[in-house]
Amino acid sequence: MNAALALSLILFFALSVPVAIAIALASIFGITFFSNLPLLVVPQKMFTGLDSFPLMAVPFFILAGNLMTRGGISHRLVDFAKSVVGGMQGGLASTTILACMIFAAISGSSVATTFAIGSILIPAMVRHGYPAPMAASLQASSAELGVIIPPSVPLILFAVSTETSITQLFIAGLGPGLLVAGALLVMVQVWCRVKGYGQDDGDDRKPILGSFLHAFWALLMPVIIIGGIYGGIFTPTEAAAVSVVYALVLGLFVYREMSVADLPELFRGAAVTSGAVMLIISAAALFSFLISLSGMPNAIGDWAKETFSSPLTFLLAINVLLFFIGMFIETAAAILVLAPILTPVAISFGVDPVHFGVVVVVNLALGMFTPPLGVNLFAAAQVADLPVQRMFKTLIIPVLTMITALMLITYVPQISLFMRDLLT
Amino acid sequence: MNTLERFAGRLVSVIHNFAALLLALASALVFYQVVTRFVIGHSATWTEVLARAVIIWMVFLVSGPALYLGRMIPIDVIREVMPKRVQLWLIRFVTAAIATVLLVLIWYGYKMTLRVMDQQVAMIGISVAWFYAAVPIGSALALFGLFLSHLDAERGHIGQLDEGDHGETIK
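Residues numbered from 1 in each chain as written. Chains lettered and ligands numbered in written order. Predicted model: local features only at pLDDT ≥ 70, side-chain atom pairs only at ≥ 80, totals over all residues. Heavy atoms only, no water.

### A look at the overall build of chain A
How we decide: Helix and strand definitions follow DSSP, with helices as H or I runs of at least four residues and strands as E runs of at least two, each counted in order from the N terminus. This radius of gyration counts C-alpha atoms alone. The globule rule is 2.2 Å times how many residues there are, raised to the power 0.38. Each residue's exposure class comes from its accessible area (1.4 Å probe, protein chains only) as a fraction of the maximum for that residue type: buried when under 20%, exposed when over 50%, partly exposed otherwise. Working rule for contacts: check all heavy atoms of both residues, and any pair within 4.5 Å makes them a contact. Here the positive residues are Lys and Arg and the negative ones are Asp and Glu; neither His nor the chain ends is included. Charged side chains are reduced to one point each, which is NZ for Lys, CZ for Arg, CG for Asp and CD for Glu.
Counting its regular elements, chain A contains 22 helices and 0 strands. On C-alpha atoms alone, chain A measures out to a radius of gyration of 21 Å, which is about the 22 Å that the 2.2 N^0.38 rule sets for 424 residues. Each principal axis of the C-alpha atoms in chain A carries an extent, and together these give about 70 × 50 × 45 Å. Within chain A, the fraction of its 424 residues that count as buried is 62%. A separation of at least 24 residues holds for 79% of the contacts in chain A among residues at least 6 apart in sequence. Measuring between centres, the 15 positive side-chain charges of chain A sit 8 Å from its 18 negative side-chain charges.

Here's what the structure looks like:
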């Protein structure tokens, strides 16, 4: 059963069957030929997999992201970030990282971050003499902050598929997010000084106070969302619904950069994007039900115990495995299929599931901008109007920087856990 | 463009609009839940149950438009480097795979809906079958989206094969 499930899934992926369908079809195949379960479990498990209140944060955060990108929030955040870090050498590159970091705190997706920030800053960097492939690579790598810094769709998916607390994962994502942002900022400083990029980035910089006031309502948003979740005022799902309404109010009435006529297209877009992700979640619920029936996590756990002598080598192996999987497989599918299998094994090695979730998500976030398949890569290439291949060479630097940060996050659990242990 | 195709296109678009409305409705319900907690002091209990049902309906309904718009996220690295004739057969295989899953969901989803007819949803006092019906109905309507996307793919490919650049990969 296990081998049939795994092999048929890989086969369907390779034959370019859409991810959600491939997972469902592999499950149907396994049920029909390798079990005595009735096919009635197919609709049943796919239904119950979606019947979850925490999961509803996913469509809401995707919708809020669409509304914010359109409603004039992103360029205010960019202006603010630029007024803070734009003055030094490599100021625009640093602005990209800081703006992505702030946007990440109100959006749960890295693709939304790439479009929202990249469409403003990639052309600006190119105008200031940065090579287009470098600008695009930098944007593609900074955007991964979107899924590390809470709110984060992948962290929600990890939480739901392993029954870990979303709130704790959201708290744990903050430290690693700041570490990654810091590492990228250092990287940019060195990079720009060595290559001589970005000498006069600060030209049209606005004063800090002015741009802060200009962006005030947008900057208040992460305070409400993250503060509300950490403070126990509302659940992550409620926070997501609040951010939808807040983004609507800002876009329609405060900034007035969006009109009611724009809404149908934004809602239609969010419905399809979130529906496609939710169907993967639905199919993965069926798949992981079959996997858990067949006892695969235990089998892998026993094998891992014999093979890896310590949690350190186990985590290294997990990181290598996820790095390669992340290069090819879509993030949501990777989390939903692998997290329920690997997390019990990690726990048996004494790894905190919250820390493990952060490691998995940071690692797969790296896969979002590593060739050949990375959603951020394609998004950034589209914004920069470049063929993806031209970014490959300049991507080496951010990828190495991120691997370093990932190793720190893996082997220093306190980076993820100190805030949680402080708050709980 | 024949009548069936025009009808399918119209239907998929209407379903897409309806799904977008459901997403708006679900956000409004959960927002209302937050508001009632702050204003009245305790949150309405039925909003959570209803919002979950609304999202489930949205997801299964939007599968048709997602298929039609090619938004179902395939991993197509291998397909893209295949000769065109092989790509065409891969596309046909994928359509058959999707149709199989949809047919299983329609038939067994229908049987599941009948089976839960007597179970009541807590808080709002209606049958769970109203929730489960999203699976067979959404999947049945998705067949129209699949039909349209397959037509597009076949036409695109046949068009390109006629141009005589066999073996070259499409974008």
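Having put the structure on the table, let's press on.
### A closer look at the nonpolar core
All names here are of chain A. As a reminder, the rule being used: By nonpolar core is meant a set of buried Ala, Val, Leu, Ile, Met, Phe, Trp, Tyr and Cys residues that side-chain atoms within 4.5 Å join together.
Among the nonpolar cores identified, the biggest contains 218 residues, and I23, F60, F314 and F356 are the most heavily contacted of them. The greatest single-element share of this core, amounting to 17 residues, is contributed by helix α15 (residues 263–293). F314 has contacts with A304, F308, V345, A346, F349 and F356, leaving out every residue within four places of it along the chain.

### Digging into the interface of chain B and chain A
Stated formally: Simply put, the buried area is the total loss of 1.4 Å probe accessible area from both parts when two parts are fitted together. Salt bridges are defined as contacts in which a side-chain nitrogen from Lys or Arg sits within 4 Å of a carboxyl oxygen from Asp or Glu.
Between chain B and chain A, the contact holds 54 residues from the first and 55 residues from the second. When the two sides are added together, the surface that chain B and chain A hide from each other amounts to roughly 4,900 Å², 81% of it contributed by carbon and sulfur. The three residues of chain B that bury the most area against chain A are B:M72, B:I73 and B:I75, which together make up 14% of that side's buried surface. Our count for the chain B to chain A interface comes out at 2 salt bridges.

### Some points on the confidence of the model for chain B
All names here are of chain B. Short version of the rule: Values of pLDDT, the confidence the predictor places in each residue, fall between 0 and 100.
When pLDDT is averaged along chain B, the result is 87, and 91% of the positions lie at 70 or above. Predicted confidence for residues 162–171 stays below pLDDT 50, and this span has 15 contacts to residues more than four positions away or in other chains. Interface confidence in the predicted complex, given as ipTM, is 0.90; pTM for the same model is 0.88.

### Here's the deal with the environment of A:M56
If you trace the backbone, A:M56 turns up in the loop between α3 (41–50) and α4 (57–70). What makes A:M56 buried here is its relative accessible area of 1%. Note: C-alpha distance between A:M56 and A:M419 (363 residues apart in sequence) is 26 Å. If near-sequence neighbours (up to four positions away) are discounted, A:M56 is found in contact with A:T237, B:V30, B:A51, B:R52 and B:I55.

### A word on a nonpolar patch on the surface
All names here are of chain A. As a reminder of what qualifies: Only residues above 30% relative accessible area that lack a salt bridge enter a patch, with like-charged residues linked at up to 9 Å and the nonpolar side chains Val, Leu, Ile, Met, Phe, Trp and Tyr linked at up to 5 Å. In these tables, accessible area is a Shrake-Rupley quantity obtained with a 1.4 Å probe, and a residue counts as shielded only by the protein chains included in the view.
On the surface, a cluster of nonpolar side chains totalling about 760 Å² of accessible area is made up of L209, F212, L213, F216, W217, V249, F253 and V254. Among the elements of the structure, α12 (208–214), α13 (216–230) and α14 (236–254) are those that each provide at least two residues to the nonpolar patch. Looking at the element boundaries, W217 is found in helix α13.

### Considering the packing of helix α7 (residues 110–127) of chain A against helix α20 (residues 375–384) of chain A
Residues and elements named next belong to chain A. Rules: In this analysis an axis means a line fitted to C-alpha atoms, helices contributing only their contacting stretch, and an angle means the value between N-to-C directions, from 0 to 180 degrees. Any angle from 65 to 115 degrees is called roughly perpendicular, while one under 35 is roughly parallel, one over 145 is roughly antiparallel, and all others are oblique. Less than a right angle of anticlockwise turn of the near helix away from the far helix marks a crossing as left-handed, whereas a clockwise turn marks it as right-handed.
Close contact between α7 and α20 brings their axes to 9 Å; oriented N to C, the two are set at 25°. With respect to α20, the axis of α7 lies roughly parallel. The handedness of the crossing between α7 and α20 comes out as right-handed. Across from S110, V111, T114, F115, G118, S119 and I122 in α7, the residues of α20 making contact are V375, N376, A379, A380, Q382, V383 and A384.

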